[in-house]
Amino acid sequence: MSDTVVFVKESGNKNKGENIFEINQNRVRMKEKQKGTLSITFESPDKGDIEAAMAFFESMNDMEPLTMNIADTGEVKAYFKGTAPFSQTEEEGMTVYTYGVTIQELQE
């Protein structure tokens with residue numbers, strides 16, 4: 001079983017992998033804000049992880065379809081709704097970078 005979360009969007013060059021973002025699930029927190037609306041926070045001491053998330057999501061259009069697959073449990077279809085600001089905090093003498101997005105799950 002995989003320990004990653006994989007996001008796939010419709011836009012971006014598929015041949016160059018620009019339409020896929022993969023990150024270790026330990027770097028991802030999810031919270032349901034309303035029924036089907038997920039707030040996803042990426043948190044890492046590696047700024048590169050967060051910069052990759054920002055590059056992927058900030059190139060998306062509002063309401064663009066995407067899929068999310070958590071640890072190979074199956075695809076969740078959703079729409080992209082928006083981003084939260086990049087931030088950095090000090091925790092136990094270490095810099096932690098965060099960035100957030102909001103998605104809306106498709107109801108079938």
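Residues numbered from 1 in each chain as written. Predicted model: local features only at pLDDT ≥ 70, side-chain atom pairs only at ≥ 80, totals over all residues. Heavy atoms only, no water.

Colleague: Give a description of the pattern of salt bridges that names residues and reports values.
Modeller: Overall, the coordinates contain 2 salt bridges when judged by the stated rule. Taking the shortest distance from any N to any O, the salt bridge between arginine 29 and glutamate 43 comes out at 3.1 Å. On the criterion of sequence distance, the pair formed by arginine 29 in strand S3 (residues 28-34) and glutamate 43 in strand S4 (residues 37-44) is long-range, its members being 14 residues apart. What makes glutamate 43 partly exposed here is its relative accessible area of 25%. (Salt bridge = Lys/Arg side-chain N within 4 Å of Asp/Glu carboxyl O. Helix = DSSP H or I, 4+ residues; strand = E, 2+ residues; numbered from the N terminus. Buried < 20%, exposed > 50% of the residue type's maximum accessible area, 1.4 Å probe, protein only.)

Colleague: Mind laying out the side chain of threonine 102, listing which residues take part and the relevant values?
Modeller: Residue placement: threonine 102 occurs in strand S7 (residues 94-105). Setting aside residues no more than four positions away along its own chain, threonine 102 makes contact with Lys33, Thr37, Leu38, Tyr79, Phe80, Lys81 and Gly82. (Contact = heavy atoms within 4.5 Å.)

Colleague: Give me the lowdown on the pairing of strand S2 (residues 20-24), citing residues and values where you can.
Modeller: Only one face of S2 is covered, namely the one carrying Phe21 and Ile23; the face carrying Ile20, Glu22 and Asn24 has none of its residues buried. Bridge count for strand S1 (residues 4-9) against S2 is 5 bridges, and the pairing is antiparallel. Paired with valine 6 across the bridge in S2 is glutamate 22. (Pairing = 2+ DSSP bridges.)

Colleague: Kindly report on the pairing of strand S6 (residues 75-91), identifying the contributing residues and their values.
Modeller: With 5 bridges connecting them, strand S5 (residues 65-70) and S6 associate as antiparallel partners. Each residue of the ladder has a partner; that of leucine 66, found in S6, is alanine 78. Between S6 and S7, which pair antiparallel and follow one another directly, the connecting turn spans 2 residues, one of which, glutamate 92, has a positive phi of 55°.

Colleague: I'd love a proper account of the environment of isoleucine 40, names of residues and values included.
Modeller: Looking at the element boundaries, isoleucine 40 is found in strand S4. C-alpha separation for the pair isoleucine 40 and valine 76, spaced 36 residues apart in sequence, amounts to 14 Å. Residues within four places of isoleucine 40 in sequence aside, it is in contact with Phe7, Val28, Arg29, Met30, Met68, Tyr99, Gly100, Val101 and Ile103.

Colleague: Residues and numbers for the packing of aromatic side chains, please.
Modeller: One pass over the full model with this rule turns up 10 aromatic pairs. The ring of phenylalanine 56 has lysine 9 lying over it, and the distance from NZ or CZ to the ring centre is 4.5 Å. (Phe/Tyr/Trp six-rings, centres within 6.5 Å; stacked < 30°, edge-to-face > 60°. Lys NZ or Arg CZ within 6 Å of the ring centre and 35° of its normal.)

Colleague: Explain the sheet that holds S5 to me, using residue names and the numbers behind them.
Modeller: As summarised here, the arrangement of the 7 strands in space is S2-S1-S5-S6-S7-S4-S3, forming an open sheet in which the pairing is antiparallel. Of all the strands in the sheet, just S2 and S3 have a single pairing partner and so form its edges. Each strand of the sheet is rotated relative to its neighbour by a mean of 25°, with strand direction disregarded. Of the strands in this sheet, S1, S2, S4, S5, S6 and S7 touch helix H1 (residues 47-58), which is tilted by about 25° from S7. (Axes fitted to C-alpha atoms, helices over the stretch in contact; angles between N-to-C directions.)

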